[in-house]
Amino acid sequence: MNETAWITELAAIYPADRLLLQPAQLAPYESDALTAYRTRPAAVVIPETQDEVIEAVRVCARHGVPFVARGSGTSLSGGSLPIKDGLMIALNRLNRVVRLDPRERIVVVEPGIANLDVSKAAASHGLYFAPDPSSQPVSTIGGNLAFNAGGAHCLKYGMTSNHVLGIKAVLPDGEVVQLGGESMENAGADLVGMFVGSEGLFGIALEVTLRLMPKPEKYRTVLAAYHSLETAGNAVAQVIASGLLPGAMEIMDRLAIKAAEMAVNAGYPQDAAALLIVELDGETQQVEAEFIHLMAVMEASGAYEVRVAQDEAERLRIWKGRKSAFSAVGRLSPDYLVNDGVVPRGRLGEALGEIERMSARYGLQVANVFHAGDGNLHPLIMYPAHEPDGFARAEGLAGEILDLCIRLGGSITGEHGVGVEKRAYLPRMFSETDMTAMRQVRLAIDPQEIANRGKMFPGDADAEAAPVHTGPHPLEVAGVISRE
Amino acid sequence: MEPHEATMTADVICRPADLDALCAAVRDHERVLARGGGTKPALSAPHAGVTIIEMSGLSGLLEYEPGEFTFTALAGTPVREVAAALAIHGQYLPFDPPLVAQGATLGGTVAAGLSGPGRYRYGGVRDFILGVRFVNPTGELVRSGGKVVKNAAGFDMSKLMVGSLGSFGVLAEISFKVFPRLPATATLRQQHPTLEDALEALYRLTAAPLDLDAIDLVMEDEGAVLLTRLAGLPDALPDRIARVRTVLGGGETVEGEAELALWDSARAFAWIPEGWSLVKVPLTPGRIAALEAGVAPAALRRYSAGGQVGWLAFADDLMAVDAMLNAAGLSGLVIFGPPGRPHIGRRNGEPFARRLKQALDPAGKFVEA
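All of the points below concern the structure found in this document. (Residues numbered from 1 in each chain as written. Chains lettered and ligands numbered in written order. Predicted model: local features only at pLDDT ≥ 70, side-chain atom pairs only at ≥ 80, totals over all residues. Heavy atoms only, no water.)

1. Digging into the environment of V342(A)
The criterion, for reference: Runs of H or I in DSSP of at least four residues are treated as helices and runs of E of at least two as strands, each being numbered from the N terminus. Here a residue-residue contact requires only that any non-hydrogen atoms of the pair lie within 4.5 Å.
The topology assignment puts V342(A) in the loop between β16 (336–338) and α13 (348–362). Considering only alpha carbons, one finds V342(A) and A372(A), 30 residues apart in sequence, at a separation of 9.8 Å. The residues contacting V342(A), other than those within four sequence positions of it, are D374(A), G375(A), N376(A), C405(A), G410(A), S411(A), T413(A), G414(A), V148(B) and K150(B).

Right, dumping it as structure tokens:
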């Protein structure tokens with residue numbers, strides 16, 4: 001590989017202020033929200049047009065240079081971790097709304113637009129973009145798409161994949177393809193569904209057609225406090241058994257409640273061992289009818305306190321505590337890992353009990369915040385980074401939790417993706433035959449394996465990034481991003 | 001002797017009785033096409049040099065946990081069996097699969113990528129598939145996705161299977177997400193003198209924050225009929241019907257048996273005369289008028305799921321339709337009609353699809369139809 005040659009070619013495409021080569025310029029791109037990993041790329045380009053992205057990919061393809069596309073760097077699985085000696089393509093300036101068609105309820109956007117800005121663009125038409133990862137004020141559509149981001153409303157509304165209709169993408173060899181279109185239906189294999197969640201291994205999305213939905217006209221948000229985590233878990237099962245389909249069901253444990261309260265004064269009951277948030281959304285008359293049923297279930301669920309948000313401000317306060325829980329945990333311990341395993345809903349109690357025992361065995365505190373309706377756990381493993389084996393112990397505990405999720409019939413990741421963080425665990429969830437099929441797909445699309453090399457699959461030696469202790473990302477300290 | 005050979009008929013059809021036999025059947029034949037209930041003849045009719053794998057021996061619900069909202073079943077399971085099992089627990093398949101009464105299977109529904117009018121509310125088959133096991137060309141079972149409602153591990157090949165017509169592998173086992181069925185429904189039927197008038201009404205509905213269950217537009221010789229279904233708790237339904245009627249500016253309520261028959265007939269494509277072809281055309285409501293100009297009055301037409309899909313029926317051959325769809329930049333999938341050419345009109349994503357085919361079926365063992 002002749003480094004000078006490919007950088008010289010990039011210099012012919014990009015002006016000097018958008019081709020970063022100096023160590024001081026590269027430093028902000030060294031890691032994402034998986035802060036324990038850090039790698040310095042050879043160069044960063046900041047394209048302003050789709051053509052500039054395509055040209056950068058073609059340069060990489062010609063020279064066999066690995067590249068990573070990056071939005072806001074909020075990946076918790078290290079999905080946008082740079083590759084040593086590779087190129088980082090920073091897409092934040094490629095953030096235009098190309099077309100908004102409120103009648104057809106679609107919007108065409110570039111990948112660098114923030115998730116929340118899509119909903120803002122559609123808001124005056126009474127529409128919104130449903131996927132709502134906690135990082136949504138900053139995380140970008142390109143990153144949401146690459147890692148099939150979730151959020152608090154997945155059981156009812158699905159993940160990012162369920163809201164992407166069309167993708168214009170540049171494949172790793174520089175060929176540009178259009179997948180899907182504007183319709184929610186399709187004739188032929190669901191190529192859009194295949195591309196979403198491929199963690200950047202199939203290339204870079206340049207333009208994305210998203211489905212918008214009418215904003216629910218009514219919300220009913222209920223906060224219930226319990227003396228035990230198990231009772232809260234049982235309450236979720238009772239809501240499900242009642243035939244209701246809430247838009248969201250979230251649980252926080254004692255430690256997470258404490259952290260959230262310290263951070264944003266959400267007004268949560270401080271003596272609770274567990275809090276359950278249940279939210280109904282939809283058409284007013286239907287929601288009000290469901291609410292009567294929900295309250296009957298909640299009153300009988302063993303909660304010692306049940307609160308109903310009386311207005312939008314109170315509802316937002318309840319959600320603010322939940323959505324800031326991850327970064328709030330940073331106040332208890334600046335160094336922590338976020339786990340993303342999934343278990344069948346009926347095994348939640350068992351999984352939480354097991355995690356508690358593991359936590360004691362490892363001598364590490366674990367705060368639990370999770371999407372109870374989906375069985376998607378988010379144990380936040382706090383570790384003492386100053387101790388020589390601190391990080392290794394945290395990774396060990398995280399690994400045991402992932403094995404537990406596999407054993408209980410779940411998944412190693414619900415919404416954060418495999419990235420670099422969980423690549424050793426993918427072969428534990430899938431057989432050798434399954435892995436081979438995925439490998440073959442990867443190689444057929446990217447024979448040189450230059451697109452986001454080192455992610456999802458174990459064993460890409462040259463992409464190994466030794467974990468180093470770093471503490472929270474500077475943006476997190478500033479309160480700009482949060483980890484979810 | 002391989003287990004499947006005993007049941008083979010003249011080297012054309014085999015009926016594997018279990019997963020091992022299915023794997024062997026795939027491994028041992030050069031070109032294969034799986035067939036479930038045969039309810040979509042354009043996609044499952046035998047043709048020269050292709051071994052049909054009859055999936056009827058691979059039927060049955062393997063796991064169903066009502067509290068999880070998930071189930072796993074063998075690909076040859078008739079959808080109606082699953083629907084009956086779900087109904088006992090007040091649950092259903094929200095993508096509203098078509099041709100259920102006619103014997104459609106889960107595998108066939110996924111491979112064809114078909115959803116019914118009710119997909120308007122929560123999404124299509126692609127939105128409810130969680131995981132698959134499929135047989136690769138060397139006769140091994142490959143798993144993708146999972147069995148839980150949320151999962152982001154590995155490439156999502158289960159979605160790739162939706163609409164793939166079996167061209168990436170033979171589906172063996174499929175896991176789905178399900179939802180509780182809302183207990184009460186009502187449908188509003190409204191006659192419109194012109195298409196424009198009907199589309200305006202449709203846009204008023206889709207723009208409103210109404211949780212509608214289905215919106216179908218049935219084209220008639222003169223004008224169109226708009227069918228709007230609501231589902232919910234019985235207490236709230238009368239108010240909600242009144243509200244939709246206000247948005248529509250009218251509409252007569254259809255309930256009970258008559259309502260069931262109305263939607264059963266839509267799912268069964270009962271409106272299509274014997275011997276006619278049926279083509280599925282993905283759409284947006286904004287493209288209906290141009291499509292109408294190209295196909296009316298020769299074709300029978302129904303626009304479903306809020307105008308996201310057109311079902312077009314034709315008496316004669318599809319050459320002209322192919323040309324018309326191409327010119328309009330639309331794609332079509334032939335469901336009833338002559339086999340051998342399932343895709344008409346415009347196709348996109350070919351370079352990506354070609355690479356996937358090369359990865360998963362380099363020798364071209366899996367034929368599309």
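2. Digging into the packing of helix α8 (residues 195–207) of chain B against helix α9 (residues 237–248) of chain B
All names here are of chain B. Where we set the bar: To obtain each axis, a line is fitted to C-alpha atoms, and for helices this fit is confined to the stretch in contact; angles are then taken between N-to-C directions over 0 to 180 degrees. We call two directions roughly parallel when the angle between them is under 35 degrees, roughly antiparallel when it is over 145, roughly perpendicular when it lies between 65 and 115, and oblique otherwise. Crossing handedness is defined as follows: a turn of the near helix away from the far one that is anticlockwise and smaller than a right angle gives a left-handed crossing, while the clockwise case is right-handed.
The interhelical angle for the contact between α8 and α9, taken along N-to-C directions, is 135°, at an axis separation of 9 Å. Classified by the angle their axes make, α8 and α9 are oblique. Considering how the two elements wind past one another, α8 and α9 form a crossing that is right-handed. Residues A201, R204 and L205 of α8 touch α9, and the partners they reach there are V244, V247 and L248.

3. Focus on the pattern of salt bridges
Definition in use: We define a salt bridge as a side-chain nitrogen of Lys or Arg found within 4 Å of a carboxyl oxygen belonging to Asp or Glu. Between buried and exposed lies partly exposed: a residue is buried under 20% and exposed over 50% of the maximum accessible area for its type, with that area taken using a 1.4 Å probe on protein chains only.
With the rule as written, the count across this model stands at 55 salt bridges over all chains. One salt bridge connects K218(A) with E288(A), and the closest N-O pair in it is separated by 3.6 Å. Remark: E288(A) occurs in helix α10 (residues 284–299) and K218(A) occurs in strand β12 (residues 218–226); sequence separation between them is 70 residues. A relative accessible area of 25% places K218(A) in the partly exposed class. Between E350(B) and R347(B) there is a salt bridge; the shortest N-O distance is 3.7 Å. Of the residues examined, E350(B) reaches a relative accessible area of 33% and is grouped as partly exposed. Connected via shared salt-bridge partners are R18(A), E48(A), E52(A) and R93(A).

4. Points about the interface of chain B and chain A
Our working definition: Buried area is a sum: the accessible area each of two parts loses on coming together, probed at 1.4 Å, counted once for each and added. Pairing of N or O atoms within 3.5 Å defines a polar contact, subject to two protein rules: one partner must be a possible hydrogen donor and the other a possible acceptor, and residues neighboring in sequence count only if both atoms are side-chain atoms. As a working rule, the residues Ala, Val, Leu, Ile, Met, Phe, Trp, Tyr, Cys and Pro are called nonpolar, Asp, Glu, Lys and Arg charged, and the rest polar, with Gly in that last group.
Taken together, the contact pairs 73 residues of chain B with 87 residues of chain A. In this assembly, chain B packs against chain A so that about 6,700 Å² is buried in total across both faces, 57% of it on carbon and sulfur atoms. A per-residue breakdown of the area chain B buries against chain A is headed by K150(B), F155(B) and F352(B), which together make up 14% of the total. Between E200(B) and R103(A) there is a salt bridge; the shortest N-O distance is 3.0 Å. At the boundary of chain B and chain A, one finds 39 residue pairs in polar contact (both at pLDDT 80 or more). Per-element accounting of the side of chain B that touches chain A gives the leading share, 7 residues, to helix α13 (residues 350–360) of chain B. In the side of chain B that touches chain A, the residues fall into 35 nonpolar, 20 polar and 18 charged.

5. Overview of the environment of G294(B)
All names here are of chain B. As for its placement among the helices and strands, G294 is situated in helix α11 (residues 288–295). A relative accessible area of 42% places G294 in the partly exposed class. Taking C-alpha positions, G294 is 8.5 Å from V321, a pair spaced 27 residues apart along the chain.

6. Comments concerning the pairing of strand β12 (residues 212–219) of chain B
Residues and elements named next belong to chain B. To be explicit about the condition: Each pair of strands is called paired provided DSSP finds at least two bridges between the two strands.
Of all the 8 residues making up β12, 7 are buried; the element is thus mostly covered by neighbouring parts of the structure. Here β12 hands over to strand β13 (residues 224–232) after 4 residues, with G223 in that stretch at a positive phi of 80°. The pairing of β12 with strand β16 (residues 300–304) spans 2 bridges and is antiparallel. Paired with V218 across the bridge in β16 is R302.

7. A few points about the sheet that holds strand β17 (residues 309–314) of chain B
Residues and elements named next belong to chain B. In space, the 9 strands of this open sheet follow the order β14-β11-β13-β12-β16-β17-β15-β18-β19, with antiparallel pairing throughout. Two strands lie at the open edges of the sheet, namely β14 (252–254) and β19 (343–345), each paired on one side alone. Across the sheet, the mean angle separating the axes of adjacent strands is 25° when strand polarity is ignored. Bridge count for strand β11 (residues 184–192) against β14 is 3 bridges, and the pairing is antiparallel. Across the sheet, residue L188 finds its bridge partner in β14, namely T253.

8. Some thoughts on the sheet that holds strand β13 (residues 248–253) of chain A
All names here are of chain A. Across the sheet, 7 strands lie side by side as β15-β12-β14-β13-β17-β18-β16; this open sheet has antiparallel pairing. Two strands bound the open sheet, and with one partner strand each, they are β15 (305–308) and β16. When strand polarity is set aside, the average angle formed by the axes of neighbouring strands in this sheet is 15°. Here helix α9 (residues 254–264) sits on the sheet and contacts β13, β14 (274–282), β17 (366–371) and β18 (379–382); the angle it forms with β13, its principal contact strand, is near 95°. Running over the sheet, helix α14 (residues 390–407) touches β16, β17 and β18 and is turned about 160° from β18.

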